[in-house]
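Here's the letter readout for the chains.
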Amino acid sequence: MAVSTALLGAIGVVGAGAAQAAPNCTPNVDNSGLSAAVVAHSHQYLANRRVDATGCDIGIFVGPGVQHVTVNDVVVTGANFQGILAYDTSYLTIKNSRIHDNGFHTLDSSAPALPGSGLHSYVGQSFGISLFGVSWSTVENNRVTDNGRGGIGVMDTGANNPGTINQNPSAPLRASTHDRVVGNTMSANYGGCGLVAATQNFGGHLSHLFLAGNRIIGTGTMSESGPDVAGIVVAADLPNSWVSDVSVVGNKVTNSFEGGVIVNAEAFNSSTRNVAVLGNTLRANNWGAQEAPDTAGVIVFANPGAEVPPGADAPKNVHTVVAGNRITEQFYGIYSVGDFPPIAFGNYIRVTSGGDPIFHG
């Protein structure tokens, strides 16, 4: 299975119970089963401070309906699961901050294996910065490094809230829409992608995302949590889910375990639509030979191994544009699988010996 989804596990645990919180933590925030060092309130401006979340599951928690929160020039470190977790809210700004050394206590041998990844954890997703079901928000000019399960994640919520232990099977679907992730630096975020926008619910969706000017530096190393995956992923992972109108512009991705930029539809009736990959610099990516069998800069992947029930559609990537990118030190410049090859033009591509600048299979 492709790493862009293999390291993204959807999980539903009902009533797993809150972990014991350290004295400086607020326990079981929003009945999530997780504790937090800082619990934000609407219109709060958190600035010029250090959040040592040692002993807490979350560094800064922005809960449902807590709007117009700004995090500026803050250091968040030491959280067991998430540096910053926000879900089911809007108008959040996280900027000029340092998010490091969080998420190294999510793996638990007593937990069931997550679908796809096989990781044993009670939490499906755990990034340095997690925006799940969050709209009209900005993550800008942050340094997100040395975290245990990924860099920055933008996902949906619903019956599966990917950031919590306790789940609500009757929760409504909430998309992440109109979000900007711009000008951030990411590196050494193990066991997960550098920057990922992916659905995590049946029928869930994401739309109108702007992922621009980010710098993702793969280290080529492994940890107990897995490889430093790095990369940028735009994915419709679950059946009946879709991702549309995403711009991946002017990013620099090097030495990623998976493709530099991956546009992926994984399950039946899932699709990506109108994803633009423009003006990025991609070098020496997919050294882990994931969706493509050799190194690759851009991968557009409609999972050919997906089980498709009678009457359902195979996964598809529709109207993907790959233009104006600089792609070097890759066996494949652009590698695609599926019924709808990307529209590619104006790219500067230099492949390694025997390589193929543009491959469609």
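The structure this text deals with has already been given above.
Residues numbered from 1 in each chain as written. Predicted model: local features only at pLDDT ≥ 70, side-chain atom pairs only at ≥ 80, totals over all residues. Heavy atoms only, no water.

Trainee: Explain the packing of aromatic side chains residue by residue, including any values.
Mentor: Scanning the entire structure with this criterion turns up seven aromatic pairs. Relative to phenylalanine 132, the ring of phenylalanine 127 has its centre 6.4 Å away and its plane inclined at 70°; by these criteria the two rings are edge-to-face. Here phenylalanine 127 and phenylalanine 132 have matching classes, each one buried. An aromatic cluster of at least three residues, connected via ring pairs, comprises Phe331, Tyr332, Tyr335 and Phe359. (Phe/Tyr/Trp six-rings, centres within 6.5 Å; stacked < 30°, edge-to-face > 60°. Buried < 20%, exposed > 50% of the residue type's maximum accessible area, 1.4 Å probe, protein only.)

Trainee: How would you summarise the pattern of salt bridges if you had to cite specific residues and measurements?
Mentor: In total, this model carries two salt bridges according to the counting rule given. For arginine 283, the salt bridge goes to glutamate 329, with nearest N and O atoms at 3.9 Å. Pair noted here: arginine 283 is in strand β24 (residues 281–283) and glutamate 329 is in strand β28 (residues 326–337), with a separation of 46 residues, a long-range link. For arginine 283, a relative accessible area of 35% corresponds to the partly exposed category. (Salt bridge = Lys/Arg side-chain N within 4 Å of Asp/Glu carboxyl O. Helix = DSSP H or I, 4+ residues; strand = E, 2+ residues; numbered from the N terminus.)

Trainee: Any chance you could break down the state of the cysteines for me, citing the residues and the numbers?
Mentor: For the structure on display, the rule yields one disulfide. Two residues, cysteine 25 and cysteine 56, share a disulfide whose sulfurs are 1.9 Å apart. Across the disulfide from cysteine 25 to cysteine 56, rotation about the S-S bond amounts to roughly -90°, and the bridge is consequently left-handed. Of the two residues, cysteine 25 sits in the loop between α1 (3–6) and β1 (36–39) while cysteine 56 sits in the loop between β2 (45–52) and β3 (58–62), which places them 31 residues apart along the sequence. With respect to class, cysteine 25 is no different from cysteine 56; both count as buried. (Disulfide = S-S within 2.5 Å.)

Trainee: Outline the pairing of strand β15 (residues 205–212), listing residues and values.
Mentor: The sheet contact formed by strand β12 (residues 176–182) and β15 spans six bridges and is parallel. Opposite aspartate 179, over in β15, you have leucine 209 as the bridge partner. Strand direction decides the pairing type here: β15 and strand β20 (residues 242–249), joined by seven bridges, are parallel. Residue pairing for β20: alanine 212 is matched across the bridge by valine 249. (Pairing = 2+ DSSP bridges.)

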